[in-house]
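# Tertiary structure, described
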Amino acid sequence: METKKAIISVKNLVKQYDDFVAVQNLTFEVYENEIFGLLGPNGAGKTTTLEIIETLREKTSGEIIVDGFSVDKQAQNIKKIIGVQLQAAGYYPNLNLVELLELFAGLYGADVKPMEMLEKVNLQDKAKAKYKGLSGGQKQRFSIATTLINQPKIIFLDEPTTGLDPQARRNLWDLIIEIRDAGTTVVITTHYMDEAEQLCDRVAFVERGQIIALDTPDNLIDQLVNSGFERKKEVKKANLEDVFINLTGKEWRE
Ligand SMILES: Nc1ncnc2c1ncn2[C@@H]1O[C@H](COP(=O)(O)OP(=O)(O)OP(=O)(O)O)[C@@H](O)[C@H]1O
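Before going into details, it helps to say that this report is about the structure given with it. Since the structure is predicted, the reported quantities are computational estimates derived from the model, not experimental observations.

## Focus: the overall build of the protein chain
For the protein chain, the count of helices and strands is nine helices and 10 strands. Against the 2.2 N^0.38 benchmark of 18 Å for 254 residues, the protein chain shows a C-alpha radius of gyration of 19 Å, consistent with a compact globule. Taking the principal axes of its C-alpha atoms as reference, the protein chain extends roughly 55 × 55 × 40 Å. Looking at the protein chain as a whole, 33% of its 254 residues are labelled buried. Long-range contacts, defined as pairs at least 24 residues apart, comprise 67% of the intrachain contacts of the protein chain with a sequence gap of at least 6.

## Observations regarding the site of the ligand
In the neighbourhood of the ligand, the contacting residues comprise Tyr17, Phe20, Ala22, Gly40, Asn42, Gly43, Ala44, Gly45, Lys46, Thr47 and Thr48. For the shell around the ligand, the secondary-structure elements that each account for two or more residues are strand E2 (20-31) and helix H1 (46-53). Sort the elements by how many residues they give to the shell around the ligand and H1 lands first, with three residues. Taken together, the residues of the shell around the ligand break down into four nonpolar, six polar and one charged.

## Thoughts on the environment of Lys5
Mapped onto the elements, Lys5 comes out in the segment before strand E1 (6-17). Taking the C-beta count within 10 Å as the criterion, Lys5 has 9 such neighbours and is therefore assigned exposed. Separated by 25 residues in sequence, Lys5 and Val30 have C-alpha atoms that sit 8.4 Å apart.

## Section: the sheet that holds strand E6 (residues 82-84)
Taken in spatial order, the six strands of this open sheet run E6-E7-E8-E3-E9-E10, and their pairing is mixed. Of all the strands in the sheet, the pair left with one neighbour each is E6 and strand E10 (210-215). Sheet twist, expressed as the average angle between the axes of neighbouring strands with direction ignored, equals 20°. As defined by bridge partners, strand E9 (residues 202-207) adjoins E10 across five bridges and the pair is classed as antiparallel. Along E10, the bridge assignment pairs Phe205 with Ala213. Where H1 meets the sheet, its contacts fall on strand E3 (35-39), strand E7 (154-158), strand E8 (185-189) and E9, and the angle it forms with E8 comes to roughly 150°.

Reading the values: rules and limits
Residues numbered from 1 in each chain as written. Predicted model: local features only at pLDDT ≥ 70, side-chain atom pairs only at ≥ 80, totals over all residues. Helix = DSSP H or I, 4+ residues; strand = E, 2+ residues; numbered from the N terminus. Rg over C-alpha atoms; globule rule 2.2 N^0.38 Å. Buried ≥ 20, exposed ≤ 12 C-beta atoms within 10 Å, placed from the backbone. Contact = placed C-beta atoms within 7 Å. Near = placed C-beta within 6 Å. Nonpolar A, V, L, I, M, F, W, Y, C, P; charged D, E, K, R; others polar. Pairing = 2+ DSSP bridges. Axes fitted to C-alpha atoms, helices over the stretch in contact; angles between N-to-C directions.

These results come straight from atomic positions and should not be treated as a statement about function.
Right, dumping it as structure tokens:
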């Protein structure tokens, strides 16, 4: 069997906010060039974990290595090889999309062609638009484009499809798969299990700051079925989302 190389290694990670333990002894690895999903209920500690790996938040204890660099001593090296979605507040309102990409490229010292970046996320027609004039799906696509500016080895996407319609979600899945296929590792959080099943090579379930399962979606489903689990209702060959897509088509909507 092919051995996978870990690009992120998290060992015994603990994060405490005063006397509240948000992350309790998390240990996991993300392999190079996979789409890795962090799943779990609200407040489970997913965002906290991601932000610590991204070097944006201090940990209480534990060890994290990202592409050979330690978060403790080499945070600057890590920042150079990761792509993180910016908060919308960072998108200066008077600049259009091309100008924003030029600004970010300048900050990173990266040599990118804004129009090529916009083409990657199918926003070439919106080059002169302002961020606030974009639809929800377009905003997410633009935000993903900004994570790619420094040609990162790893990108982090925190709930990238929340609030999007079925077409926009599926198109975003295709985009994320293209990014992985082009050689980038993707770490994603989502509350949509159909999305995790379609998109993620492996998923970790986090519950109260601990990992309670980690495997491929296929293996996790097989384990549940093998344990005797059965759905109460007979499963139909299609679901309501299939009806939606069938009625309204697959093309980009915005
Ligand atoms: N700055 C903070 N100070 C105190 N507690 C915090 C802080 N940030 C997060 N928490 C708490 O830590 C826990 C984990 O939060 P976190 O945002 O990591 O969860 P999450 O799994 O990303 O949740 P969601 O799915 O809702 O985004 C929550 O109980 C939250 O209230």
